[in-house]
Amino acid sequence: MTKAKRAASPPGTEGIESVPLKVGGKRHPLLGMGLWALGRWDRDAEVRTRATLEHALTAGVTWIDTAEVYGTGRSERLLGEVLTRVNADPSKLLLTTKVSWEHLRARQVHAAVVGSLQKVGRTSVDLVLVHAPDPHVPIAETMEALETLWKAKTIGAIGVSNFSVDELAAARAALHETDIVVNQVVYNLFDREDGDAVLEYCRTNGIVVEAYTPLLRGLLAGRYLDGEAPSPEVRRFAHHLLERDRFDELVVRARAIRALATAENVPMASIALHWLRRRGAATIFGASSPDQVDAILDAWRHRPSDATLDRADEIARGAGRA
Ligand SMILES: NC(=O)c1ccc[n+]([C@@H]2O[C@H](COP(=O)([O-])OP(=O)(O)OC[C@H]3O[C@@H](n4cnc5c(N)ncnc54)[C@H](OP(=O)(O)O)[C@@H]3O)[C@@H](O)[C@H]2O)c1
């Protein structure tokens, strides 16, 4: 990067590398923010989410992820409002939304994307993902509808989420003139069984893996390690990730990873984020306050050594003694 470009980067985001998308001509940052907000869509949460998003955009986060189901549309609407307020330049952003797994019939896909665009206040969006497969709807029908929207330049590129390797291959086979550019999956130090296989397939085929829940809802940033228990709400939305019969063991391993971070003088989240970066995944984090955004950007700036990342990997897998 040249000196001039470096100077132009907003504070905090220098060094968020990007990779080219195989379709659409945009680059895909390796770090971005998601607007799921744990389903907390009461009035206070909306005010906080708005402030957090505005802060992230001002700090230079350029990849924002939402979905029609988040807050049943309020997330997309809030994104549109904030983009207008900060006068964001669309050419500098990568905006992603998702069609719900309940809307995968051709007519529903079209209506969902039109609805998303209206809510975000745009005439086109960079990336539209299928949020999750629906075994009752042939994937070819969904892909054909998305390809029609892509040809009309309503969407810049097509992606999927929560797709296995087989599902991904079937989706790609149903496209004629374009290809799947991303697969967004749960992937973090502790949750990687499917992620590893998906990552391998995607690496071979030039598809970006977007890793969601990278901090395991804060556990990999040091939360819940000193007696605080996840709230029922966090447990509910974390599904199996923080199940009680697994939680105590995760805490032991996470404490060992925190000790590694302390020894290397980096924030604990640096290990979680750079473990993903080193594996070639793009990371989509969640945050519910401007301070959390700052902490994550700070963690991104600290790059742990390969030896530390290797050791964290072993600890997370339970290989050897924590
Ligand atoms: N495609 C899908 O099916 C799918 C599924 C899930 C998520 N996603 C996407 O991925 C995004 C991120 O997912 P996620 O929210 O599960 O990711 P995450 O980054 O693992 O968890 C985010 C949560 O971690 C806590 N946190 C953040 N920074 C922290 C810090 N510095 N110290 C302590 N705790 C911290 C916060 O919890 P509190 O808010 O409780 O403070 C925050 O809401 C979502 O917004 C969404 O866009 C996609």
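The paragraphs below set out a description of the structure included in this document. The model shown is predicted, which means the values in this text are computed figures rather than measured ones.

Okay, the site of the ligand next. Inspection of the region around the ligand gives 28 residues, with Asp65, Ser161, Arg217, Arg223 and Ser288 positioned closest. Gly34 places a main-chain nitrogen or oxygen 3.3 Å from an oxygen atom of the ligand. Between the ligand and Leu215 there is a distance of 2.9 Å, counted from an oxygen atom to a backbone nitrogen or oxygen. In isolation the ligand exposes 910 Å². Once the protein is present, 90% of that is buried.

Next up on the list: the packing of aromatic side chains. In this structure the tally under the stated criterion is two aromatic pairs. Ring geometry for Tyr187 versus Trp275: centroids 5.5 Å apart, planes at 50°, classification tilted. Of this pair, Tyr187 sits in the loop between strand 8 (180–186) and helix 7 (193–205) while Trp275 sits in helix 10 (residues 268–278), placing them 88 residues apart in sequence. For Tyr187, a relative accessible area of 0% gives the class buried. Relative to Phe247, the ring of Tyr224 has its centre 6.5 Å away and its plane inclined at 70°; by these criteria the two rings are edge-to-face.

Let's shift gears to empty space enclosed by the protein. By rolling a water-sized probe across the atoms, one finds the places where empty space is left. Summed over all chains, the structure comprises one cavity of 30 Å³ or more. For the largest cavity, the calculated volume is near 50 Å³. Taken together, Thr66, Leu79, Leu95, Thr96, Thr97, Ser116, Leu117, Val120 and Val125 make up the lining of the largest cavity. Where the lining of the largest cavity is concerned, the elements lending two or more residues are strand 5 (94–99) and helix 4 (106–120). Here the lining of the largest cavity is built from residues that sort into five nonpolar, four polar and no charged.

The eight strands lie next to each other as 3-4-5-6-7-8-9-10, forming a closed barrel whose pairing is parallel. The mean angle between the axes of side-by-side strands here comes to 30°, regardless of whether they run parallel or antiparallel. Bridge count between strand 4 (residues 63–65) and strand 5: three bridges; the pairing is parallel. The residue bridging Asp65 from the neighbouring strand is Thr96, located in strand 5.

Our next topic: the pattern of salt bridges. Pairing of side chains with opposite charge becomes possible as their charged atoms draw close. Within this structure, the stated rule accounts for 24 salt bridges. A salt bridge links Asp226 to Arg258; the shortest N-O distance between them is 2.9 Å. Of this pair, Asp226 sits in the loop between strand 9 (208–212) and helix 8 (232–237) while Arg258 sits in helix 9 (residues 244–264), placing them 32 residues apart in sequence. Classification of Arg258 by relative accessible area gives partly exposed; the value is 26%.

What counts and how
Residues numbered from 1 in each chain as written. Predicted model: local features only at pLDDT ≥ 70, side-chain atom pairs only at ≥ 80, totals over all residues. Heavy atoms only, no water. Near = heavy atom within 4 Å. Polar contact = N/O pair within 3.5 Å; in protein donor to acceptor, adjacent residues only side chain to side chain. Areas by Shrake-Rupley, 256 points an atom, 1.4 Å probe, with all protein chains shown as cover. Phe/Tyr/Trp six-rings, centres within 6.5 Å; stacked < 30°, edge-to-face > 60°. Helix = DSSP H or I, 4+ residues; strand = E, 2+ residues; numbered from the N terminus. Buried < 20%, exposed > 50% of the residue type's maximum accessible area, 1.4 Å probe, protein only. 1 Å grid on protein atoms, 1.4 Å probe; cavity = no way out; pocket = protein on both sides within 12 Å on 5 of 7 lines; lining within 4 Å. Points joined across faces, edges and corners; volume = space filled by probe spheres on them. Nonpolar A, V, L, I, M, F, W, Y, C, P; charged D, E, K, R; others polar. Pairing = 2+ DSSP bridges. Axes fitted to C-alpha atoms, helices over the stretch in contact; angles between N-to-C directions. Salt bridge = Lys/Arg side-chain N within 4 Å of Asp/Glu carboxyl O.

Shape is all these values report; function is a separate question.
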